[in-house]
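One letter stands for each residue in the lines below.
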Amino acid sequence: MAIITQTDKRSGITYAYETTYYWDKEKQQSRSKRVCIGKVDPVSGEIIPTRGRAKKGESKTPKALPARTGPVTYTETKHLYFGATYLLEQFADQIGLTADLKQCFPDMYKKLLSVAFYLVLEDNNPLYRFEKWNLTHKHPYGQDIASPRSSEMFASITDDQIAKFLRLQAKRRVEDEYWAYDSSSFSSYSETLKQAQWGKNKENDRLPQINLLLVFGEKSGLPFYYRKLAGNIPDSKTVKHLLEDLDILGFGKTKFVMDRGFYSEDNINGLYREHVKFLVGVKLSLKLIKKNLDEVYDDIRMFNNFDEGLNTYGLTVSAEWNYTQDRPYKGDTIEEKRRIYIHYFYSIERGADEEQAFDKRIMDYCNELLSGKPVEDHKKAYARFFEVKDTPVRGRQVYYKEDEIKAARKYIGYFAIITNEKMDAFTALHLYRMKDVVEKAFGNLKERLNMRRLLTKSEKNLDGKIFNEFIALILISHLDHKMKETDLYKTYTMQQLLDKLDVLECYEDEKRALRIGELLDKQADIYTTLGVALPTSSC
């Protein structure tokens, strides 16, 4: 049994507790039980029993603390959860996140890390609950960050600081790797944000939105660039500014993976002009893509083009791109041929699913016409696939246009990717699927990091909050990358792994070094597998 004191930060009163330590068999960890025995007199240092603590018949006079030599002093002992925040702190050191934040935000980098840790560990919880989390967890800042203080912190973050941080992160990226580039929309309830505009909402929310762009490294699995822009700007309009930003930030020559929403002739010409390697998804309906597909259509689904692991056929075609560049300073336009590689694929699973869905859709159209209740949005499909005749005797007759239906079914299950770097089809497919990392990152931002609906009213607050969310995303992405690399997903989900570590405790006070609670074998295995040194009481 020990007597421990703790000061209430709101009232300033210091209370004394009798603390008993015991082993919890169910949770397999050390626990403690505290009983308040009184207040500590700030002058004499004696314990004054609180109301109802003195036994009947006893006078409620101050109870002296155990006799000791020298002046009586008290230290506040904290009993905190430590295991998960320790993991994140080690990760932040390993990938240079802490060092870069310290260089850019010397006065607040610990606050930024603590908020990021909270966002990662408290799945989908709003930031105003940080006060409660702070009372139970050890974290870099070590103090509460009340909601008004976090808003002030976000508003104080400048564009120059963010740009400097992104430059430092750029220097840590692996050279000669492909970068996945994608965007997503974030709905907003705010009527004061200038960039909250009506656009093509990717989640079909009937709200104005803000678009966010992310760039991820292929080998590191980490995000290292982001950009916020108005919600009414389409993806195809963003590539030019992306290249300008990356040049300003000193990223050097790049290689990009983008989905077909970013395709446009202007973008491809711009990538060629800047000597940027690219890998972009394209629609089969494009003239260049369809023409070359028809020429090799019968060759794609041959046994020698089949990848058993992917259950997909793949074939690469070398073609020519009609490159154009306007030169206003010379008053002319360059027109020349550039080499481009088209990778065609046929997915057996995708083809089966799409064929079934297409046939069902055709049957639904037919039934709508026969019932005399056509749908306005389907008029183009009716005209393309059916011929309708109404006669007084036979009534309404609906006939299929077989040639049109066969033509529409011809390309079901096929898809294409273009690139200006020579590689085989399945290498291109592997790189292209890297964009799934970005899509998962947007899922983490919206779900785990609580950004699905933006409630911030101030532009500056929003900019700072997105930056702090970006820091949290770096940590989540690194953990995800390490778990995939070490097959830990076969044993744990990300939340299960964090929960397993989060129960590890520590004890800290001013007079002693940090003491770590009992470390279980499974917890030690997780740290070791992730390449993190085991926490010790001397750390």
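If you're wondering where the values come from, they're calculated on a predicted model, not measured in any experiment.

Enquirer: Describe the overall build of the chain, with residues and values.
Expert: Helix and strand counts for the chain stand at 17 helices and 19 strands. Taken over 539 residues, the chain has a buried fraction of 46%. The contacts of the chain with a sequence gap of at least 6 include a subset with a gap of at least 24, amounting to 62%. Counting every atom, the chain has about 29,400 Å² of accessible surface; 48% of that belongs to carbon and sulfur.

Enquirer: Help me get a handle on the environment of Asn305, residues and values and all.
Expert: Along the chain, the position of Asn305 falls in the loop between α9 (287-300) and β11 (306-307). Note: C-alpha distance between Asn305 and Thr316 (11 residues apart in sequence) is 9.8 Å.

Enquirer: So what's going on with the sheet that holds strand β18 (residues 505-509)? Which residues, and what values?
Expert: Strand order in this open sheet of three strands is β5-β18-β19, and the pairing throughout is antiparallel. For this open sheet the edge positions go to β5 (78-81) and β19 (512-516), each flanked by a neighbour on one side alone. The mean inter-strand angle of the sheet, taken between neighbouring strand axes irrespective of direction, is 20°. The pairing of β18 with β19 spans three bridges and is classified as antiparallel. When the bridges of β19 are listed, Tyr507 appears paired with Arg515.

Enquirer: I'd like a description of the confidence of the model for the chain, backed by residues and values.
Expert: Predicted confidence across the chain gives a mean pLDDT of 83, with 84% of residues reaching 70 or more. Considering only residues more than four positions removed or in separate chains, one finds that residues 67-74, a stretch of pLDDT under 50, has six contacts.

Enquirer: Account for the packing of aromatic side chains, with residues named and values stated.
Expert: Within this structure, the stated rule accounts for 24 aromatic pairs. With 4.7 Å between their ring centres and 40° between their planes, Tyr181 and Phe262 make a pair best called tilted. Within this pair, whereas Tyr181 is found in strand β6 (residues 179-188), its partner Phe262 is found in the loop between β9 (255-258) and α8 (265-273), the two being separated by 81 residues in sequence. Across this residue pair, the class does not change: Tyr181 and Phe262 are buried. Ring geometry for Phe386 versus Tyr400: centroids 5.4 Å apart, planes at 45°, classification tilted. On the criterion of sequence distance, the pair formed by Phe386 in strand β14 (residues 386-391) and Tyr400 in strand β15 (residues 395-400) is long-range, its members being 14 residues apart.

Enquirer: Explain unusual backbone geometry residue by residue, including any values.
Expert: Located in the positive-phi region is His275, a residue other than glycine, with phi close to 60°. Relative to the elements of secondary structure, His275 occurs in the loop between α8 and β10 (277-282). His275 sits in the exposed class, given a relative accessible area of 59%. Here the phi dihedral of Asp487 falls at roughly 60°; this positive angle occurs in a residue that is not glycine. Position of Asp487 relative to the elements: it lies in the loop between α15 (459-485) and α16 (494-502).

Enquirer: Now, about the packing of α15 against α16: what can you tell me, with residues and values included?
Expert: Viewed as axis vectors pointing N to C, α15 and α16 meet at an angle of 100°, and their least axial separation amounts to 11 Å. When the axes of α15 and α16 are compared, the pair comes out roughly perpendicular. For the pair α15 and α16, the contacting residues are Ile476, Leu479, Asp480 and Met483 in the first and Met494, Leu497 and Leu498 in the second. Of the residues belonging to the contact of α15 with α16, the class tally is six nonpolar, no polar and one charged.

Enquirer: I'd like to hear about helix α5 (residues 147-156), residue by residue, with values.
Expert: Of the positions making up α5, those classed as buried are Ser150, Met153 and Phe154. Seen along its axis, α5 keeps its buried residues to an arc of 100°; they face one direction.

Enquirer: With reference to specific residues and values, describe the pairing of β9.
Expert: With burial as the criterion, each face of β9 is covered, one bearing Lys255 and Val257 and the other bearing Phe256 and Met258. Chirality of the crossover, the property in question, places the unit of β9, α8 and β10 among those that are right-handed.

Enquirer: Talk me through the packing of helix α2 (residues 97-104) against helix α3 (residues 109-121); I want residue IDs and the actual numbers.
Expert: The interhelical angle for the contact between α2 and α3, taken along N-to-C directions, is 135°, at an axis separation of 8 Å. For the element pair α2 / α3, the angle class is oblique. Within the contact between the two elements, α2 uses Leu97, Thr98, Leu101 and Lys102 and α3 uses Tyr109, Leu112 and Leu113.

Enquirer: Account for the pattern of salt bridges, naming residues and giving values.
Expert: Tallied over the full model, the rule gives 19 salt bridges. Here Glu421 and Lys255 are joined by a salt bridge, their closest N and O atoms 3.3 Å apart. One end of the pair, Glu421, is in the loop between β16 (414-419) and α13 (425-432); the other, Lys255, is in strand β9, with 166 residues separating them in the sequence. Overall, Lys255 belongs to the buried group, its relative accessible area being 12%.

Thresholds applied
- Residues numbered from 1 in each chain as written.
- Predicted model: local features only at pLDDT ≥ 70, side-chain atom pairs only at ≥ 80, totals over all residues.
- Heavy atoms only, no water.
- Helix = DSSP H or I, 4+ residues; strand = E, 2+ residues; numbered from the N terminus.
- Buried < 20%, exposed > 50% of the residue type's maximum accessible area, 1.4 Å probe, protein only.
- Contact = heavy atoms within 4.5 Å.
- Areas by Shrake-Rupley, 256 points an atom, 1.4 Å probe, with all protein chains shown as cover.
- Pairing = 2+ DSSP bridges.
- Axes fitted to C-alpha atoms, helices over the stretch in contact; angles between N-to-C directions.
- pLDDT = per-residue confidence, 0-100.
- Phe/Tyr/Trp six-rings, centres within 6.5 Å; stacked < 30°, edge-to-face > 60°.
- Parallel < 35°, antiparallel > 145°, perpendicular 65-115°, else oblique.
- Nonpolar A, V, L, I, M, F, W, Y, C, P; charged D, E, K, R; others polar.
- Arc of directions from axis to C-beta.
- Right-handed = clockwise from strand over helix to strand, strands pointing away.
- Salt bridge = Lys/Arg side-chain N within 4 Å of Asp/Glu carboxyl O.

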